[in-house]
Each structure stands twice: as structure tokens, then as C-alpha cells.
Amino acid sequence: MPDLIPDTSRLIIFDTTLRDGEQSPGASMTKDEKVRIARQLERLRVDVIEAGFAAASPGDFEAIRAISAAVRDSTICSLSRANERDIARAAEALAPAARKRIHTFIATSPLHMQMKLRMEPEQVLEQAKLAIRYARQHTDDIEFSPEDGSRSEEDFLCRVLEAVIAEGATTINFPDTVGYAVPEEFGARIRRLRERVPNSDKAVWSVHCHNDLGLAVANSLAGVTIGGARQIECTINGLGERAGNTSLEEVVMALRTRADYFNLTVGIDTTQIVPASKMVSQITGFAVQPNKAVVGANAFAHASGIHQDGILKARETYEIMRAEDVGWTANKIVLGKLSGRNAFKSRLQELGIELASELEVNAAFARFKELADRKAEIFDEDIMALVSAEDHAQGGETYKLVSLSQRSETGELPHARIVFSVEGREVSAEASGDGPVDAVVGAIESVVKSGAEQVLFSINAISNGPQSQGEVTIRLSHSGRIVNGVGADPDIIVASAKAYLSGLNKLHSKVERVNPQGV
Ligand SMILES: CC(=O)SCCNC(=O)CCNC(=O)[C@H](O)C(C)(C)COP(=O)(O)OP(=O)(O)OC[C@H]1O[C@@H](n2cnc3c(N)ncnc32)[C@H](O)[C@@H]1OP(=O)(O)O
Ligand SMILES: CC(C)C(=O)C(=O)O
Ligand SMILES: [Mg+2]
């Protein structure tokens, strides 16, 4: 869509949290969760949302369709292999979108062509051309990626890229699929390709970098400054396959903070960055490390005396960005057990949480009051956790916690007794275990016998201080499916029980998609 950027200093921000981000093992999301994130990406004003890979599963297809219907301001995109079936599926899923893009790709490196595709280069070239022809039957907005571009031979790349632009590709996305590139080399390669491909100015050039060597953001910026790319593909919190993708918050804030150097603009509303980061972290169960640039809890914290002194005298001494510009807010209204519905609704609005009906608001408000009885102050993260729990409840819970008692004493084996409902019927079970969580899981499994393997257990304080709720993420793996169960409670053993039951509910849920890697 070259006409989207008549101004060559305007960069297109293409978010792929819902596609490449979801390729992180354990980050699979339900349709409703994806729609919530897509709405937040729209508020963030990303130009393009890659909503998924329509041909991957019925769940992915439905999520792309729902996002296409729900989002109006961003272009919605689906990935597809370079074949007619995938492209037709992408087009069908994107049908309700106000603006749609089909992104098709095929690998061009000798290694991938020979070992993975088992195709000759000439066949790959033909397949790429055919794919653009198929896609043109559905839309004029077509993106093409030569997968493993950074390990592909340049002469061959030139031939493929010239051919796909001639067929009608409007964006050429250059991927560093395995995070192998280094900045100067990567930027220079894009520059040479743009110079050598005769019709290169008919397409917008884009970069898609992976973080295997921690260079994704640096490579993306070099692709822009040295290479002349005008689209950056990125994800919230840098989520993505293996070590992740270029992180949206880092690349956008680098461009903004060093506008004097880059001299480029983006359309992003940066005040929506922290809410987006928290939402993605909360939904996927992937905690943000405290020292993560821009969105980490310590990104604007100052612990040492000299720094504190400097900050008090002039903030700029130790801060290059303002916390409020990226969405860190100091709440003026403290929510607690005496707060009313209006204050609660207004905070939901500030957090970008849209509940579909008054009934859902009431259910969330009831949970809020229940929590406020046990916890003096309710933080934004608490509200996000309880809305998320509400979302899962709407999806229909097979297993639901009723009550839990647990005993641990030095030198004694911890013991748990749990009552939970299975499709509305209450059952009780007890077990001992190596620790209290092990005892709880043992008790649940003595009834459910799911056979699921627990591949990750993580616990985070939702907010600061001993008052904080604990948020537990338990990742379960069963028959090639990986799901994250999440539970929050001021009592971390109860949070663990909720997380385990939520994982089991997800394994039972038909909307949960098969993990793409099948790991
Ligand atoms: C770098 C990236 O991020 S690429 C995107 C990765 N994302 C995904 O893989 C999404 C999730 N994937 C899936 O759900 C499945 O892999 C599907 C539905 C896409 C395909 O499933 P299957 O048909 O069972 O194929 P499977 O995954 O086993 O193998 C992939 C096939 O696609 C072929 N293929 C791989 N890439 C491409 C491409 N870009 N264009 C055409 N064919 C391709 C492979 O050569 C292989 O073909 P073969 O079956 O003839 O050997
Ligand atoms: C599909 C492509 C763009 C991709 O994700 C990659 O090569 O990393
Ligand atoms: Mg990728």
C-alpha cells in the first residue's frame, strides 16, 4: 500500500503479536483473548495487525474473522503459505475487515529450499509468483516474505523479489527468520536489494527480525536507516518464536526518543504501550522481566541515592523518556471495598477493557467486591486479572474451585483437601505432596486423571508489597497441546489451584487452538 506512506518519513508499524507472538510455545490464546488484544492494538494505533494464520486451525480462522469484524482502524492481515488453499482461507477469514492484507511467504535460502521444501529454486520462484496471483484475486494489499531472507543468495532474492512485485506484491518484507543477521550487514543487504531490484520502488520494504542474538531491535533500525525500509514488524513485549521478535515498545520508543537521529515518524499512541504490555503478559502468562526496557517494572525506578537526588532536581538527569508518555500512570482514585460501580467502570475504561454487556460488568464488579473484602487496595493488575478470570468463566468452565484447605508444617509432608465442581457436580479430594502446590495438584489429579504434564510453574506478585495478589501460571502439555492456566488470589496456594483448574478447562475447551509447533 505505497499510498499509505506518501510521506517517506512515516514508518508503518505492523504488529504480529497474534501470529508470530503466538508461535511462542505456551502463548496460545483463545479467540476472545485475541480480540481483546486486537482492540488494544487498535487503540495503540498500529497500522497493521497480523491476526493469525487462517489455514493453521479452525480456531485461528475464527479469531481472524472475529478481529476483522471488531477492528475498524487498523489493516487486518493473515499469514498464508504460498499455496492456493492457504490464501483462499486467509481471504475468507479476512472478509469482514474494513482493510485487509494477505501475507504470503516461501523460503528462499538454499538450506530451506533443499532440506525443508525439497524444491528447486526455479520451482520456488514459480510458486511465489503463483501465490501473488492467487492473492490478487482477493485483495490489492499483498505482502510477500522470502523466508530465511538473511541466509538467502542475493542474486536469487533479486529475481524472486522482482517477479513478485511484477505480479502485484505491494509490500516486500525481508525476514531475519533465525535471528542470524548483524545490523550493518542487514541494513546494507536491504539497501542493495532495493538498488538492484528494478521495480523496487513499487513496493513498501519491510523488516521482520528475530532476537536469537538479542539484535532484533538493532537490526530493524538498521533496516530502516541503512536499508530504507518503511515498515517494521514487531510484537508487544518482544513475544515470538524462540527468543522472540523485535519488541514494539523498544523500537517505537527508540524512534520517538531519538527523533533527532532517525528523523522518522510513527502513528503510535505511546500512552497505550504499558496497558498493551500488561494485557499481553496477563493473557499469555509470560511475565515481563523487571529490567525490560520501557515496560519493565524497574524501567522508571530509581534506587540509588545519587540518581534519586538527580531525579528530584531535574528528571532528565536520569530519564530519557517520561513514564506517563508510555502509559505508566499514577492512579488518582484508589479502588477498594468502599468503591462504587462508577469508579470501577471508569477504571475499566481507562484500562481499555470493554465488557460486552451490563451483565458482564456486574459479574466483574461482584468479583471486585469479593476481592476488595480480602485486600485493602485494588490495583490495575488486579482488575485485569479478574476480568480475565471472568472471560474464562464466560467460555464455560468444566472445573471450578469451591474451597481449599491446606496444612504444611516444618518436618511434615504438606497435605491439601480440595472441593471443586466438575460440570456443576461437587467433588472433594485430598493428597499429600512434596510441597503444598504438589499436594493440591495431586488431589485434583486423583479425581481428574488428565494425564497432562506440567511443563512450567511461575508465580508473580501482581502488584507491589505484601498486600499483592499472587498470579500463578501453570503450563500444561497434553497430546501435542500446550495451554497456560492462570489463577490469581491473595493466597498463592489458592491461586495455584485456580491456575491448575484453569489449565484443565483450557485443555477441555474446543476453542483453544492446537499449538503450531505441536511441542
Ligand atoms: C517462519 C515462520 O514463522 S513460518 C510460519 C509458522 N507458522 C505455522 O507453522 C503455523 C501453524 N502451522 C500449522 O498449523 C501447520 O503446519 C499447517 C496447517 C500450516 C500445515 O500443516 P500440514 O499440512 O500438516 O504440514 P506440516 O506442517 O507437517 O508441513 C509443512 C508443509 O508445508 C510446506 N511448506 C512450508 N512452508 C511453505 C510455504 N511457505 N509455502 C508452501 N509450502 C510450504 C512444507 O514443505 C511441508 O510440505 P510437505 O507436507 O509436502 O512436506
Ligand atoms: C513468515 C515470516 C515473515 C516469519 O515469521 C519469519 O520469517 O520469521
Ligand atoms: Mg517470524
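Residues numbered from 1 in each chain as written. Chains lettered and ligands numbered in written order. Predicted model: local features only at pLDDT ≥ 70, side-chain atom pairs only at ≥ 80, totals over all residues. Heavy atoms only, no water.

Neighbouring ligand 2 are Arg-19, Asp-20, Leu-79, His-103, Ser-145, Glu-147, Asn-173, Pro-175, Thr-177, His-208 and His-210. A distance of 2.9 Å separates an oxygen atom of ligand 2 from a polar atom in the side chain of Arg-19. Note that an oxygen atom of ligand 2 is positioned 3.0 Å from one of the side-chain N or O atoms of His-210. Starting from 260 Å² of accessible surface for ligand 2 in isolation, the protein chains cover 94%. Secondary-structure elements contributing two or more residues to the shell around ligand 2 are β5 (142-147) and β6 (171-176). Each residue belonging to the shell around ligand 2 can be placed in one class, and the counts come to two nonpolar, six polar and three charged. (Near = heavy atom within 4 Å. Polar contact = N/O pair within 3.5 Å; in protein donor to acceptor, adjacent residues only side chain to side chain. Areas by Shrake-Rupley, 256 points an atom, 1.4 Å probe, with all protein chains shown as cover. Helix = DSSP H or I, 4+ residues; strand = E, 2+ residues; numbered from the N terminus. Nonpolar A, V, L, I, M, F, W, Y, C, P; charged D, E, K, R; others polar.)

The feature "domain: Pyruvate carboxyltransferase" (unreviewed entry), as annotated in UniProt, sits at residues 11-274 in this numbering. Across residues 11-274, helical content stands at 44% and strand content at 18%; the span's end C-alpha atoms are separated by 21 Å. (UniProt positions renumbered as here; feature names shortened; annotations may be inferred.)

Here we come to the environment of Ala-181. Structurally, Ala-181 can be placed in the loop between β6 and α7 (183-196). Distance from Ala-181 to His-210, taken between C-alpha atoms, is 9.1 Å for residues 29 residues apart in sequence. Once residues lying within four places of it in the same chain are set aside, the contact partners of Ala-181 are Ser-150, Asp-176, Phe-186, Leu-215 and Asn-219. (Contact = heavy atoms within 4.5 Å.)

A few words on the UniProt feature "binding site: Mn(2+)" (unreviewed entry) in the protein. As annotated by UniProt and renumbered to match this structure, "binding site: Mn(2+)" (unreviewed entry) occupies Asp-20, His-208, His-210 and Asn-245. For the residues just named, distributed over 226 residues, the greatest C-alpha separation is only 10.2 Å, placing them together at one site. Turning to its location among the elements, Asp-20 is positioned in the loop between β1 (12-15) and α1 (31-43). Not counting chain neighbours up to four residues away, the residues in contact with Asp-20 comprise His-208, His-210, Gly-240, Glu-241 and Asn-245. Relative to the elements of secondary structure, Asn-245 occurs in the loop between β8 (231-234) and α9 (248-257). By relative accessible area, Asn-245 is classed as buried at 2%. (Buried < 20%, exposed > 50% of the residue type's maximum accessible area, 1.4 Å probe, protein only.)

The environment of ligand 1 is formed by 15 residues, the closest being Arg-19, Gln-23, Arg-81, Ala-82 and Phe-105. Ala-56 places a polar main-chain atom, nitrogen or oxygen, 3.4 Å from an oxygen atom of ligand 1. Residue Phe-105 places a main-chain N or O atom 2.6 Å away from a nitrogen atom belonging to ligand 1. Look at ligand 1: alone it shows 1,000 Å² of surface, and the protein chains cover 57% of it. At the level of secondary structure, the elements contributing two or more residues to the shell around ligand 1 comprise β3 (75-81), β4 (100-107) and α4 (110-117). Looking at the shell around ligand 1 residue by residue, the class counts come to nine nonpolar, two polar and four charged.

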